[in-house]
Amino acid sequence: MEKKRKRLIMRSTILSIFLLLVGFTLYQNFNSKTENIQPGDQAPNFRLKTLNGKTTMELKDFRGQGVFLNVWATYCKPCEEEMPYIENQYHKFKDKGVQVLTVDVGENPVTVQAFVDRIGMTFPVLMDPREELLDAYGIGPIPVTFLIDENGKVVDRITAGMTEEEIRGYMQQIQPDDWRDQND
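My aim in this report is to walk through the structure given alongside it, one point at a time. Throughout this document, residue positions are counted from 1 along each chain, in the order its sequence is written. Given that this is a predicted model, residues contribute local features only at a pLDDT of at least 70 and side-chain atom pairs are listed and counted only at 80 or more, while totals for whole chains, interfaces and linings are drawn from all residues. Note that the side-chain values use all heavy atoms of the structure and ignore hydrogens as well as water.

At a minimum axis distance of 10 Å, the contact between helix α2 (residues 77-93) and helix α3 (residues 109-119) shows a crossing angle of 50 degrees. Judged by the inter-axis angle, α2 sits oblique to α3. Between α2 and α3 lies a crossing of right-handed hand. Where α2 approaches α3, its residues Glu80, Met83 and Pro84 are matched on the opposing element by Phe115, Arg118 and Ile119. Under the scheme applied, nonpolar residues are Ala, Val, Leu, Ile, Met, Phe, Trp, Tyr, Cys and Pro; charged residues are Asp, Glu, Lys and Arg; polar residues are all the others, including Gly. Of the residues that constitute the contact of α2 with α3, the class distribution is four nonpolar, no polar and two charged. Simply put, an axis is a line fit to the C-alpha atoms, just over the touching stretch for a helix, and the angle between two N-to-C directions goes from 0 to 180 degrees. Runs of H or I in DSSP of at least four residues are treated as helices and runs of E of at least two as strands, each being numbered from the N terminus. Note that the term roughly parallel is reserved for angles under 35 degrees, roughly antiparallel for angles over 145, roughly perpendicular for angles of 65 to 115, and oblique for everything else. Crossing handedness follows the turn of the near helix against the far one: under a right angle anticlockwise gives a left-handed crossing, and clockwise gives a right-handed one. Any two residues having at least one pair of non-hydrogen atoms within 4.5 Å are treated as being in contact.

Set out below in structure tokens:
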């Protein structure tokens, strides 16, 4: 009789723990504030430190400019392939009202610095060690690039690697009209 009672208590405890875990998981999924940011949405502001850790940048600081926001990691092959193209176009558009911001997610600064040096990246590299941007923007697999206009609205969300020609077209797409008129 004692064995049956102990077995019943053990089974009841295991079932209770299982039900609590299932309930918690469902609660987390339904109450998640993660949104999948799409074209037409206002781009959520973020505040991240640069790779050197000394400077903090916020998206809102770039109002009035188009922002080419690229989310990447060193282990991402398409990311590595598109970085030289982004670098080339950055030099062509940086004085024409388009800012390139790249965000490395969840990696060690030493690893990222070695990658940046190897590729020769000169545009701002922001660090998101806790992957907060992924949550705020509803980002799944990388690379992901957001084209943000001068008013902070998302113009497009690109979820694949890009060619240099595509990057040039995207930067032209978010170049503010008043900059285009001055610099053509």
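Attention shifts here to the pairing of strand β3 (residues 66-72). As a general feature of sheets, a regular strand has side chains that alternate between the two faces. Only protein chains enter the calculation, and the probe is 1.4 Å; a residue is then buried if its accessible area is under 20% of its type maximum, exposed if over 50%, and partly exposed in between. Burial runs high along β3: seven of the seven residues are buried. Burial along β3 is two-sided: Gly66, Phe68, Asn70 and Trp72 facing one way and Val67, Leu69 and Val71 facing the other are all buried. With seven bridges joining them, β3 and strand β4 (residues 98-105) adopt parallel strand pairing. Bridge assignment links Phe68 to a residue of β4, and that residue is Val100. Two strands pair if DSSP finds at least two bridges between them. Bridge count for β3 against strand β6 (residues 144-148) is five bridges, and the pairing is antiparallel. Across the sheet, the residue bridging to Asn70 is Thr145, located in β6.

In plain words, nonpolar cores are sets of buried Ala, Val, Leu, Ile, Met, Phe, Trp, Tyr and Cys residues tied together by side-chain atoms within 4.5 Å. Grouped together as the largest cluster of nonpolar side chains are 49 residues, with contacts concentrated most on Phe46, Phe68, Leu69, Tyr137, Phe146 and Ile148. Sequence-distant contacts of Ile148, that is, excluding residues within four places in its chain, are made with Ala43, Leu59, Gln65, Gly66, Val67, Leu69, Tyr137, Lys153, Val154 and Ile174.

The values reported here are purely geometric and, on their own, carry no functional implication.
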